[in-house]
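What follows is the residue order along each chain.
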Amino acid sequence: LALLLLAGCGGPGAAGQRRKEMVLSEKVNQLMEWASKRSVIRMNGDKFRRLVKAPPRNYSVIVMFTALQPHRQCVVCKQADEEYQILANSWRYSSAFTNKIFFAMVDFDEGSDVFQMLNMNSAPTFINFPAKGKPKRGDTYELQVRGFAAEQLARWVADRTDVHIRVIRPPNYAGPLMLGLLLAVIGGLVYLRGSNLDFLYNKTGWAFAALCFVLAMTSGQMWNHIRGPPYAHKNPHTGQVNYIHGSSQAQFVAETHIVLLFNGGVTLGMVLLHEAATSDMDVGKRKIMCIAGIGLVVLFFSWLLSVFRSKYHGYPYRYV
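The structure contained in this document is the topic of the report that follows.

What counts as what
Residues numbered from 1 in each chain as written. Predicted model: local features only at pLDDT ≥ 70, side-chain atom pairs only at ≥ 80, totals over all residues. Heavy atoms only, no water. Helix = DSSP H or I, 4+ residues; strand = E, 2+ residues; numbered from the N terminus. Areas by Shrake-Rupley, 256 points an atom, 1.4 Å probe, with all protein chains shown as cover. Buried < 20%, exposed > 50% of the residue type's maximum accessible area, 1.4 Å probe, protein only. Pairing = 2+ DSSP bridges. Salt bridge = Lys/Arg side-chain N within 4 Å of Asp/Glu carboxyl O. Axes fitted to C-alpha atoms, helices over the stretch in contact; angles between N-to-C directions. Parallel < 35°, antiparallel > 145°, perpendicular 65-115°, else oblique. Left-handed = near helix turned anticlockwise from the far one by under 90°. Contact = heavy atoms within 4.5 Å. Nonpolar A, V, L, I, M, F, W, Y, C, P; charged D, E, K, R; others polar.

Regarding the overall build of the protein
Working step 1: Of regular secondary structure, the protein possesses 12 helices and 6 strands.
Working step 2: Carbon together with sulfur atoms contributes 62% to the accessible area of the protein, which is approximately 20000 Å² in total.

And the structure:
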């Protein structure tokens, strides 16, 4: 009779399989319900262990480990969270949305036990927990190299999960407003000084505007716009803040500002040298301008070489 009952029910293996499918269905339904309310699912230790770590699981979970509370003073965490929300919203509201992948977040103050379990001591960190098996080396996002722009995160997600997400950013009206303000200012100047437009032919003004544009571009502002790197990096062990990235393949936003300042100092020194050689001032003032120009060029170019040496290790040359 027992053998007949086991045969009728499919045996203990079939019962275990049905139980596994029920648990998996409950987990997926729970995640889908939370994802319908919020694109990034907030998790504590219990939710993380039950829905991400524990089998069965036929879905991938991208988890951002962060520290968003104000007393943590993690500026990079807030910036990365904004890009992460854009990525998750792009997936949640796309026509290709499925239960194949979910986006989640574990804040240190809500899941410190998860940080301890994973031996994690820095934030923000992005990890992909695949549908099968444990995360591999490539499942940890290289934040310092790629930056945290939503587009870069989307490429990494596609590489790890084969889920392609088209990033859709919310409309930004700051650019059109600034353009409209600029046009209004120019229009006002033309209206007020319609009879005297000589200021439009001022070489010094145009040269200064062109110089500002060149300095901004050569310092790496476009790279920052594309990659979205953090402003700086704070070592969680020593508390030391690094403003210069140690690799030649990446940079911080603060590094861009430093390079822009150094390039500006060198340019100012060259302008002073040119004025000292061509102006009609007395000899004494021209000597002072010449000495000041040489000093600025030597000082700021030396600092530029120091930055270059710190990124290209083994660079053999130095200025002073």
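After presenting the structure, the write-up continues.
Comments concerning the environment of Met22
Working step 1: Structurally, Met22 is set in helix α2 (residues 11-37).
Working step 2: Of the residues examined, Met22 reaches a relative accessible area of 54% and is grouped as exposed.
Working step 3: Taking the C-alpha atoms as reference, Met22 lies 9.9 Å from Pro56; in sequence the two are 34 residues apart.

A closer look at the pairing of strand β2 (residues 60-66)
Working step 1: The element β2 is extensively covered by neighbouring structure, given that 7 of its 7 residues are classed as buried.
Working step 2: Taken together, the 7 bridges between β2 and strand β3 (residues 101-107) define a ladder with parallel strand orientation. Within the sheet, the bridge partner assigned to Met64 lies in β3 and is Met105.
Working step 3: Two elements, β2 and strand β4 (residues 125-129), share 5 bridges in a ladder whose sense is antiparallel. Note that in β4 the partner of Ile62 across the bridge is Asn128.

Considering the pattern of salt bridges
Working step 1: Scanning all chains against the criterion turns up 10 salt bridges.
Working step 2: Residues Asp46 and Arg49 are paired through a salt bridge, measuring 3.2 Å at the closest nitrogen-oxygen approach. Residue Asp46 and its partner Arg49 are both found in helix α3 (residues 45-53); the two are separated by 3 residues, about one turn of the helix.
Working step 3: Classification of Arg49 as partly exposed rests on a relative accessible area of 32%.
Working step 4: When the shortest N-O distance is used, the salt bridge between Arg72 and Asp109 registers 2.8 Å. Taken as a pair, Arg72 in the loop between β2 and α4 (75-92) and Asp109 in the loop between β3 and α5 (112-117) lie far apart in primary sequence, 37 residues in all.

Observations regarding the packing of α4 against helix α7 (residues 150-161)
Working step 1: Two elements in contact, α4 and α7, have axes separated by 9 Å at closest approach and are oriented at 55°. Taken together, α4 and α7 sit at an angle that is classed as oblique. Seen along the crossing, α4 lies across α7 with a hand that is right-handed. Note on element contacts: α7 touches α4 through Ala150, Leu153, Ala154 and Val157, opposite Glu83, Tyr84, Ile86 and Leu87.
Working step 2: By residue class, the composition of the contact of α4 with α7 is 7 nonpolar, no polar and 1 charged.

Focus on unusual backbone geometry
Working step 1: Looking along the chain, the bond that leaves Pro55 and enters Pro56 is cis, with omega of 0°.
Working step 2: Of note, the amide linkage connecting Ala123 to Pro124 takes the cis form, showing an omega dihedral of 0°.
Working step 3: Phi angles above zero are rare outside glycine, and Asn119 is one such case at about 55°.
Working step 4: With respect to the helices and strands, Asn119 occurs in the loop between α5 and β4.
Working step 5: Look at Asn119 and you get exposed, because its relative accessible area is 70%.
Working step 6: Phi at Asp162 takes a positive value of approximately 65°, unusual for a residue other than glycine.
Working step 7: Note on placement: Asp162 falls in the loop between α7 and α8 (174-192).
Working step 8: Residue Asp162 is classed as exposed on the basis of its relative accessible area, which comes to 60%.

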